[in-house]
Amino acid sequence: MTANPPATDKTSRRSVLNWLSSVALFGSAVVSVFSNLVFMKPRATYGAPSRFSIGRPEDFPSGTRISLDARRVCIVREGDRLAAISTTCTHLGCIVGVAETGFACPCHGSRFDQDGNVTGGPAPKPLPWYSINLTPNGELTVDTSVEVQQGAYFQV
Amino acid sequence: MKPPAQEPGLAKTVAELPRNLWTSIFRNPLPSSDLGRSATSFTNFFLHIHPVKVHQNTLRPLYTLGLGLISLFLFLILAVTGVLLMFYYVPSTGQAYDRMLDLRGSVAFGTFLRNMHRWAAHGMVAAVFLHMCRVFFTGAYKKPREFNWVIGVGLFLLTMFASFTGYLLPWDQLAFWAITVGAAIAGYAPVLGKSMQFILLGDYTVGQEALLRFYVLHVVVLPALMVLLIAVHFWRIRKDGGLSRPEEPVEDKPLYSMKMVAGTTGLEPGEKTIGLMGFVRGPFTKVGNVPDRSVYSWPNLLIAELFVFVLTVAGVLVVSLLFNAPLEEPVNIMHPPNPAKAPWYFLGLQEMVSYSAFWGGIGIPTIEVLILLALPYLDRRPIGVGQWFARERLLANTLFLLFAVVNVILIVIGTFFRGPNWTFVSPW
Ligand code: HEM
Ligand code: FES
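Residues numbered from 1 in each chain as written. Chains lettered and ligands numbered in written order. Predicted model: local features only at pLDDT ≥ 70, side-chain atom pairs only at ≥ 80, totals over all residues. Heavy atoms only, no water.

Caption draft 1: The arrangement of the overall build of chain A in detail. Per the secondary structure count, chain A includes 1 helix and 11 strands. For 156 residues, the compact-globule estimate of 2.2 N^0.38 gives 15 Å, and the C-alpha radius of gyration of chain A, at 28 Å, exceeds that figure by more than 25%. When its C-alpha atoms are laid out on the principal axes, chain A stretches across 90 × 40 × 25 Å. Relative to its full complement of 156 residues, chain A shows a buried share of 35%. Put simply, of all contacts in chain A between residues at least 6 apart along the chain, 37% involve residues at least 24 apart. About 9,200 Å² of surface is accessible on chain A, with carbon and sulfur atoms providing 58% of the total. (Helix = DSSP H or I, 4+ residues; strand = E, 2+ residues; numbered from the N terminus. Rg over C-alpha atoms; globule rule 2.2 N^0.38 Å. Buried < 20%, exposed > 50% of the residue type's maximum accessible area, 1.4 Å probe, protein only. Contact = heavy atoms within 4.5 Å. Areas by Shrake-Rupley, 256 points an atom, 1.4 Å probe, with all protein chains shown as cover.)

Right, dumping it as structure tokens:
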């Protein structure tokens, strides 16, 4: 085709058709790959809810640092201030353990201070703090989908 | 008039049955001539993947070390034992671990099959890596085998990914934390990282969705891709003119030469051509103008293959008799084991990741893979092919050796020198 004499009506119609069908073919390939990717991305997850109750303020006397590992969060109480600090290591997602100096990760040795700041190891970011609320019936809830600033304690 | 064909009697039919059955399946009697040996190779569906003749160098055990074949046979062992294990395994977080215990306690040969599957998987990772090293050190990736090297790199990555997905399936502590860490590494990839991690796990953390996804990848998607690539790999070996070998002095014997003229369809008027081969372009075994150092595939190549096969199976059997595949405590999200270690072949990666998640887990591995892929297109000098550690390739070989040794050292550090909280410990 390429070596044909200058475009006559016929060849140009044919090349337009060729072009159109190639675009259609290629387009459908792209669309089908894309739709398969979309299919693979779940719209709803079955995982744990991001908002959960942790009990009443009296359950956490001053000075406690309780790690709720199933929830991947550590509840800290100092005086009348409460905080919920994530225990998911910001490096690669292992659960950090509560240590004397703060938190320590068993996987690649990241260490964090009491407030979750990185003090050593490969973790790139401090542990995030989550928002705490008091429900009307006196229960504390933590919402892991809402991060608050470090040091933004909840006053009870 | 011709006499009517003799009706064979019943007794004769029965008496000849075994023979007739045999010859209906195998068209050729056991060959005693060269023609017969050729026919055996290409009238049999399973054998016709072989060329009729192979070069002697191909059969030299010390040239290939049989590593490609070992990889293949381990893959076959994995397919067979894997399908058997599928009859008992359920990819559910509630059942998977119990099914592992059942294999141990209430399935005949359950432990043994699981051992075979596990050790063959470890062996395959090692064999494929060593095979890659062999190909490099013999310069076998050079023209015209560049693309087969690229396919090989694809096979290497698929092998690693298949091991990775298989690792989650027992749903024990080791599995859970290795995959938590591994999937989080994917999350560090630029732009698409988080979506990739989410699509891989089907959720934000490792759970039922991840187990199901890994199962499907492990038993269907990845093996299917590997079968496809292995088929292309083998096809290319033949189309690239058989295995690489040292260049041979060419005697000028134009009488039977089959000349391929670059840029033409191959047939020029007045040129001497032989048979149909003339229509197929490509680097072919040339007929007549080289001293014939090839032997018939039947039985030479076949026996070599059988030998490697028996050796591979025997190796896997012995290891599986001696050592049991590990099974740790069931998943406990509360308590990551300390230290939480990935399987050994990922410990080099884990060691690098403990310095920087992005560079160790994404940056450096990506660069390494890109370099591996580009290698045959960067190193264009057609020298030192078909020979281990050729003098002319001193620089290339040293660099590759360095690459291999660094990876091995990282693995050794990760395996033996890392203790609780990934601190440096001495194994002694
Ligand atoms: C599932 C993995 C693989 C299997 C089953 C496999 C199988 C084989 C087999 C049976 C051979 C014949 C020669 C021999 O046994 O050494 C071969 C040759 C070859 N393989 Fe692989 N291979 C695999 C992975 C790789 C990898 C990772 C690479 C490199 C990145 C690679 C590159 C090559 C090349 C270039 C040849 C031709 C060698 C020559 O001509 O001397 N293969 N492969
Ligand atoms: S996951 Fe915590 S240090 Fe790597």
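Caption draft 2: Fine view of the coordination of the iron atom of ligand 1. All names here are of chain B. The protein atoms that coordinate the iron atom of ligand 1 are His131 (NE2) and His233 (NE2), at distances of 2.0 to 2.1 Å. Taken together, the 6 donor atoms coordinating the iron atom of ligand 1 and their angles of 85 to 179° define a geometry best described as octahedral. Of the two residues, histidine 131 sits in helix α6 (residues 110-137) while histidine 233 sits in helix α10 (residues 208-239), which places them 102 residues apart along the sequence. One exposure class covers both histidine 131 and histidine 233, and it is buried. (Donors = N, O, S within 2.8 Å, 3.2 Å for Na, K, Ca; no water. Tetrahedral: all angles 85-135°; square planar, octahedral: opposite > 155°, others 65-115°.)

Caption draft 3: Inspection of a nonpolar patch on the surface at higher detail. Together, Val80, Val83, Leu84, Met86, Phe87 and Tyr88 of chain B make up a nonpolar patch on the protein surface, roughly 590 Å² of accessible area in all. Summarising the element assignment, leucine 84 of chain B is placed in helix α4 (residues 67-86). (Patch = residues over 30% accessible without salt bridge, like charges linked within 9 Å, V, L, I, M, F, W, Y side chains within 5 Å. Salt bridge = Lys/Arg side-chain N within 4 Å of Asp/Glu carboxyl O.)

Caption draft 4: Summary view of the packing of aromatic side chains. Residues and elements named next belong to chain B. Using the criterion set out here, one finds 25 aromatic pairs over all chains in the structure. Taken together, the ring pairs in this structure connect Phe136, Phe137, Tyr141, Trp149, Trp388, Phe389, Phe400 and Phe403 into an aromatic cluster. Above the plane of the ring of tyrosine 167 lies arginine 118, whose end atom (NZ or CZ) is 5.2 Å from the centre. Over the ring of tryptophan 235 we find lysine 239, and its NZ or CZ is 4.7 Å from the ring centre. (Phe/Tyr/Trp six-rings, centres within 6.5 Å; stacked < 30°, edge-to-face > 60°. Lys NZ or Arg CZ within 6 Å of the ring centre and 35° of its normal.)

Caption draft 5: A look at the state of the cysteines. Residue and element names in this part refer to chain A. Evaluated as defined, the whole model comprises 1 disulfide over all chains. Disulfide partner of cysteine 94: cysteine 107, at an S-S distance of 1.8 Å. Every disulfide takes its handedness from the sign of the S-S torsion; for cysteine 94 and cysteine 107 that torsion is -85°, giving left-handed. You can see cysteine 94 sitting in the loop between β4 (81-86) and β5 (97-99) and its partner cysteine 107 sitting in the loop between β6 (102-104) and β7 (111-112), a full 13 residues away along the chain. Residues cysteine 94 and cysteine 107 agree in their burial class; the two are buried. (Disulfide = S-S within 2.5 Å.)

Caption draft 6: Highlighting the packing of α4 of chain B against α10 of chain B. Residues and elements named next belong to chain B. Following both chains from N to C, one finds α4 and α10 inclined at 155°, their axes separated by 12 Å at the closest point. The pairing of α4 with α10 is recorded here as roughly antiparallel in orientation. Pair α4 / α10 crosses with left-handed handedness. Facing Leu72, Phe75 and Met86 of α4, the residues of α10 in contact are Tyr215, Val219, Pro223, Met226, Val227, Ile230 and Phe234. (Axes fitted to C-alpha atoms, helices over the stretch in contact; angles between N-to-C directions. Parallel < 35°, antiparallel > 145°, perpendicular 65-115°, else oblique. Left-handed = near helix turned anticlockwise from the far one by under 90°.)

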